[in-house]
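# Per-entry structural report
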Amino acid sequence: MSDTATMTTSWPAGAAAGPGAYRLLPPGGPGPGADLAAHVQVYGPLPYAGRARRLTEEIRSAGLTGRGGAGFPAAVKWTAVADSPGRPVVVANGAEGEPASRKDRQLLWVSPHLVLDGLQLAAEAVGARRAFLYLHPHEQLHRLLAGALAQRSEAGCDRIVVALVAAPPRFLAGEESALVSRVAGGLALPAFKRPRVFERGVGGAPTLVQNVETLAHAALIARHGAAWFRQAGTAAEPGSMLVTAHRADGASRVSEVPIGAPLAGVLELGREPAQAVLAGGYHGTWIPAAQAATLPLTNAALRQVGASLGAGVLAALPPGRCGLAENARVLRYLAAESAGQCGPCLNGLPRIAAAFTELSGPAPDPRCLPDLERWAGLVAGRGACHHPDGTVRLVRSALGVFRGEVELHLRGRCTAGAGGPAAAPFLPLPAGPPAGALSRDDWR
């Protein structure tokens with residue numbers, strides 16, 4: 001997907017009225033981008049609340065939850081940071097390690113000032129005096145954001161300075177404890193035993209880590225209020241969210257949709273046939289396409305089938321693709337992206353990836369299936385971070401949804417034809433060889 005691609009979105013009656021009311025991604029074309037004057041013309045000036053904690057209550061009334069994957073209530077997080085002793089730090093997390101996700105980069109490209117507004121407002125709400133924007137290396141995007149920050153400095157609209165911090169291009173670099181370590185000048189490695197980040201994070205200070213999309217929503221809530229925010233979404237899960245959708249026809253797009261929208265509409269399942277849908281990205285869950293087509297885009301509905309929205313990644317696997325081969329590729333990537341700090345990652349994930357690769361072949365050893373199930377049980381819940389758990393979640397759902405494919409492979413056949421995987425892989429992965437778990441330079 002192009003860095004500058006934008007998508008359109010429809011809203012409930014009344015939600016699109018007034019300047020800036022179209023939310024994160026402007027319909028019909030690019031937004032203001034790094035032009036501060038155009039941003040202010042569309043959204044209005046930065047609406048500081050005037051004192052700490054004041055915006056937090058509006059965020060609580062809005063029901064805003066984190067859009068980075070966990071879905072934790074933002075106001076609870078802000079309150080915990082504000083209540084912890086010490087001077088807080090705030091970090092906008094734009095490190096999108098998930099290869100199938102493009103929504104944070106898209107948001108930062110189209111609406112950087114909305115994110116930076118939210119970062120300033122969150123800093124005021126928790127009483128912070130230091131702020132950081134953390135994202136993966138991307139020369140054009142870093143240049144755009146540096147220019148946006150320079151415009152804001154010249155205009156005098158920011159109360160605290162924001163420092164850009166480059167995350168290493170690793171899957172786990174955006175994990176909260178890895179982020180804290182990197183922002184503090186260390187390696188972007190997840191910590192095993194640690195105090196909670198809201199208590200002791202960057203430099204030992206209480207730290208608010210918030211996904212960039214969450215901060216952009218906070219900037220709009222500050223302008224338009226909780227009731228406006230709730231005009232989209234459901235009563236239990238209000239608002240909109242950015243979704244990276246990979247359709248069965250091969251097209252990928254970032255869209256902003258109201259929570260509760262039909263999943264079938266986001267992926268156009270009625271137009272393009274699919275055999276299964278991956279919800280939540282590479283730590284997510286496979287759902288049979290027929291079942292996915294009946295679900296709304298809510299965590300409540302997805303939890304009923306063992307899935308979640310995660311960071312808003314959806315992928316519809318088309319017919320004629322080998323689900324086992326697709327998952328084997330992803331599992332090899334996830335195993336290589338381990339931080340190598342614990343046995344489940346260092347030993348368990350490579351074995352799981354190798355066994356799944358064997359299973360995806362034309363005539364697999366039948367023993368690989370019980371090995372997979374056994375190793376998944378040994379790895380789950382024992383890692384230094386949630387990487388093994390997320391990987392096992394993907395494995396277990398794949399073995400269930402693609403059970404028919406497993407039986408075909410054990411008989412020497414494959415959906416992709418002639419006992420082999422499709423020539424062109426469907427699920428996106430980074431180009432080039434995996435970095436490897438034990439190369440510490442890759443975590444700087």
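Calculation criteria
Residues numbered from 1 in each chain as written. Predicted model: local features only at pLDDT ≥ 70, side-chain atom pairs only at ≥ 80, totals over all residues. Heavy atoms only, no water. Pairing = 2+ DSSP bridges. Helix = DSSP H or I, 4+ residues; strand = E, 2+ residues; numbered from the N terminus. Axes fitted to C-alpha atoms, helices over the stretch in contact; angles between N-to-C directions. Contact = heavy atoms within 4.5 Å. Buried < 20%, exposed > 50% of the residue type's maximum accessible area, 1.4 Å probe, protein only. Expected span 1.5 Å × (residues − 1). Arc of directions from axis to C-beta.

It is worth spelling out the sheet that holds strand 1 (residues 89–93) at this point. The 4 strands lie next to each other as 3-2-1-4, forming an open sheet whose pairing is parallel. The open sheet has two edge strands, strand 3 (162–166) and strand 4 (207–211), and neither has a second partner. Adjacent strand axes in the sheet meet at a mean angle of 25°, parallel and antiparallel pairs treated alike. Packing against the sheet, helix 7 (residues 176–183) makes contact with strand 1, strand 2 (130–135), strand 3 and strand 4, and its axis sits at approximately 115° to strand 2.

Alternating positions in strand 7 (residues 276–279) separate into two faces, Ala-276 and Leu-278 on one and Val-277 and Ala-279 on the other, with burial throughout. Count of turn residues in the strand 7/strand 8 (residues 285–288) antiparallel hairpin: 5 residues, of which Gly-280 carries a positive phi of about 95°. In this sheet, strand 9 (residues 313–317) lies alongside strand 7 in antiparallel orientation, the contact comprising 4 bridges. Within strand 9, the residue paired with Ala-276 across the bridge is Leu-317.

Moving on to the sheet that holds strand 8. Ordered in space as 6-5-9-7-8, the 5 strands form an open sheet in which the pairing is mixed. Taken across any chain shown, the strands that pair with only one partner, and hence form the sheet edges, are strand 6 (252–258) and strand 8. Sheet twist, expressed as the average angle between the axes of neighbouring strands with direction ignored, equals 25°. When strand 5 (residues 240–246) meets strand 6, the two strands line up antiparallel, connected through 7 bridges. Counted as the bridge partner of Thr-244 is Val-254 from strand 6.

The buried count for strand 5 comes to 7 of 7 residues, which makes it a mostly enclosed element. The alternating pattern of strand 5 places Ser-240, Leu-242, Thr-244 and His-246 and Met-241, Val-243 and Ala-245 on opposite faces, both of which are buried. Between strand 5 and strand 6, which follow one another and run antiparallel, lie 5 residues, and Gly-250 among them has a positive phi close to 95°. Taken together, the 3 bridges between strand 5 and strand 9 define a ladder with parallel strand orientation. When the sheet's bridge partners are listed, Ala-245 is paired in strand 9 with Leu-314.

Between its first and last C-alpha, helix 15 (residues 368–379) extends 16 Å over 12 residues, near the 16 Å set by a 1.5 Å rise per residue. Residues of helix 15 that are buried include every one of Cys-368, Leu-369, Leu-372, Trp-375, Ala-376 and Val-379, and no others. When helix 15 is viewed along its axis, its buried side chains cluster within an angular range of 130° and face the same direction. The elements touched by buried residues of helix 15 are helix 14 (343–359), helix 16 (387–401) and helix 17 (403–410).

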